Amino acid sequence: MKNRVTKAIFPVAGLGTRFLPATKSVPKEIMTLVDRPLIQYAIDEARAAGIKEFIFVTSRGKSALEDYFDHSPELESALRKKGKTDLLATLKTTNMESGAIAYIRQHRALGLGHAVWCARRLIANEPFAVILPDDVIAAEKPCLQQMVEAHAETGGCMVAAMEVPQDKTSSYGILDVREDHGTIVSMNGMVEKPPAEEAPSNLAVIGRYILTPKVMQHLNKMDRGAGGEVQLTDAIATEIGSGRPVHGYRFRGQRFDCGSKAGFLQATVAFGLARDDLRDEFSQYLDELVSVRNAAQ
Ligand code: UTP
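Presented here is a report on the structure given in the accompanying data block. Because the structure is a prediction, the values reported are computed rather than measured.

**With respect to the environment of Asp-277**
Then, in step 1: Checked against the element boundaries, Asp-277 lands in the loop between α10 (261–273) and α11 (279–296).
Then, in step 2: The class for Asp-277 is exposed, based on a relative accessible area of 54%.

Put into structure tokens, the structure is as follows:
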């Protein structure tokens, strides 16, 4: 297998303004879908893909995120005494091996590219994954695992890609497609947040990446792109011109944009309905809601 990927960066230093006032004191990544915070979904996906080192790029006000991964001996012993073995097992899935997790500070929110660059010393000279926890992907085989398997064949850089409506291109990094092989796409370039009429395609980058240390070198230049931020997309686009492989990967799965309110609500409904312990009661409630709305129209 080429370039085994064992490190992942989780950039979680953004301001999360779309969820104010909640994000004034609660990091966006701690918000829960049913009963698990967004960050837990991201960590589980990374583990399934074989990631062993978890690097969080955090900022002021994110201490709840660091606490979340601490072991909690008091809670564990209380559950043990009460014989609540199921809850104990659930709690243990949040435990991280000592030394597996590292926290780096991004002192100013200068953009996603800058956040990734902050982790450069921990990445050293290895390929690495980047996971944005607010993109939650429901998939039979976790998205990053699909990508790591495909990356073993292609090497180089790889970005998760998905078709979006043409009028939404200005919210995404968009691929300028050279050859479309279905799952794997080669490209001439990438453009960050182009208006619909200038977008080279409607194939958008979603928050999963496998990158090479070369991308860190491009980020060293600290060029400001769309919105005055240091854009990860721009650094990857620079790599495309280098002759080394950069691919888009059309993943199998459903992506929820949990950084937006509508996406977060949709994910809550989908994950609620996917749960054996909630499905019956919840779907009955939703059916009633729809009947009442239809009757009122
Ligand atoms: P977003 O574009 O969703 O920004 O960042 P945000 O600050 O989290 O949320 P809004 O738009 O203000 O509501 C995408 C990802 O990049 C991280 C965020 O934490 C999120 O995971 N990020 C963004 C950083 O770590 N640092 C930054 O400077 C910017």
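This is not the end of the story, as more comes after the structure.
**So, the site of the ligand**
Then, in step 1: Neighbouring the ligand are 17 residues, the closest being Leu-15, Thr-17, Arg-18, Lys-28 and Gln-106.
Then, in step 2: Here an oxygen atom of the ligand and a backbone polar atom of Pro-11 are 2.8 Å apart.
Then, in step 3: Ala-13 has a polar backbone atom sitting 2.9 Å from an oxygen atom of the ligand.
Then, in step 4: In isolation the ligand exposes 570 Å². Once the protein is present, 82% of that is buried.

**Concerning helix α7 (residues 143–154)**
Then, in step 1: Relative to the 16 Å expected for 12 residues at 1.5 Å per residue, α7 spans 16 Å between its end C-alpha atoms, a close match to the ideal helical length.
Then, in step 2: Among all positions in α7, only Cys-143, Leu-144, Gln-146, Met-147, Val-148, Ala-150, His-151, Ala-152 and Thr-154 are buried.

**Regarding the pairing of strand β10 (residues 184–192)**
Then, in step 1: Burial within β10 is extensive, with seven of its nine residues counted as buried.
Then, in step 2: For strand β9 (residues 173–180) and β10, the ladder comprises seven bridges, and the chain directions are antiparallel. Residue Gly-173 lies in a different strand from β10, and its bridge partner there is Glu-192.
Then, in step 3: Counting the residues that bridge the hairpin from β9 to β10 gives three residues, and of these Gly-182 lies at a positive phi of roughly 90°.

**Things to note about the environment of Asn-125**
Then, in step 1: Take Asn-125: it is sitting in the loop between α6 (120–123) and β6 (128–131).
Then, in step 2: Taking the C-alpha atoms as reference points, Asn-125 and Pro-213, separated by 88 residues in sequence, lie 5.7 Å from one another.

**What about the nonpolar core?**
One recurring pattern in soluble globular proteins is that nonpolar side chains are buried together.
Then, in step 1: Counting residues in hydrophobic clusters, the biggest one holds 37 residues, and the most contacted among them are Phe-10, Ile-39, Ile-43, Ile-51, Phe-54, Phe-56 and Leu-144.
Then, in step 2: Where this core is concerned, the elements lending two or more residues are β1 (7–11), α1 (38–48), β4 (53–58), β6, α7, β8 (157–163) and β11 (203–211).
Then, in step 3: For Ile-39, the contacting residues outside a window of four places in its chain are Phe-10, Val-12, Glu-29, Phe-56, Leu-65, Tyr-68, Phe-69 and Pro-133.

**Description of the pattern of salt bridges**
Then, in step 1: All chains considered together, the criterion is met by 16 salt bridges.
Then, in step 2: Ionic pairing is found between Arg-275 and Asp-35, a salt bridge with its closest N-O pair at 2.9 Å. Note that Arg-275 is positioned in the loop between α10 and α11 and Asp-35 in the loop between β2 (32–33) and β3 (36–37), a separation of 240 residues in sequence.
Then, in step 3: Arg-275 gets classed as partly exposed once you look at its relative accessible area, which sits at 25%.

**Brief notes about a nonpolar patch on the surface**
Then, in step 1: A cluster of nonpolar side chains, namely Tyr-285, Leu-289 and Val-290, defines an oily patch on the protein surface of about 270 Å² accessible area.
Then, in step 2: Accessibility expressed as a relative area gives 45% for Val-290, which makes it partly exposed.

Reading guide: rules and limits
Residues numbered from 1 in each chain as written. Predicted model: local features only at pLDDT ≥ 70, side-chain atom pairs only at ≥ 80, totals over all residues. Heavy atoms only, no water. Helix = DSSP H or I, 4+ residues; strand = E, 2+ residues; numbered from the N terminus. Buried < 20%, exposed > 50% of the residue type's maximum accessible area, 1.4 Å probe, protein only. Near = heavy atom within 4 Å. Polar contact = N/O pair within 3.5 Å; in protein donor to acceptor, adjacent residues only side chain to side chain. Areas by Shrake-Rupley, 256 points an atom, 1.4 Å probe, with all protein chains shown as cover. Expected span 1.5 Å × (residues − 1). Pairing = 2+ DSSP bridges. Core = buried A, V, L, I, M, F, W, Y, C linked by side-chain atoms within 4.5 Å. Contact = heavy atoms within 4.5 Å. Salt bridge = Lys/Arg side-chain N within 4 Å of Asp/Glu carboxyl O. Patch = residues over 30% accessible without salt bridge, like charges linked within 9 Å, V, L, I, M, F, W, Y side chains within 5 Å.

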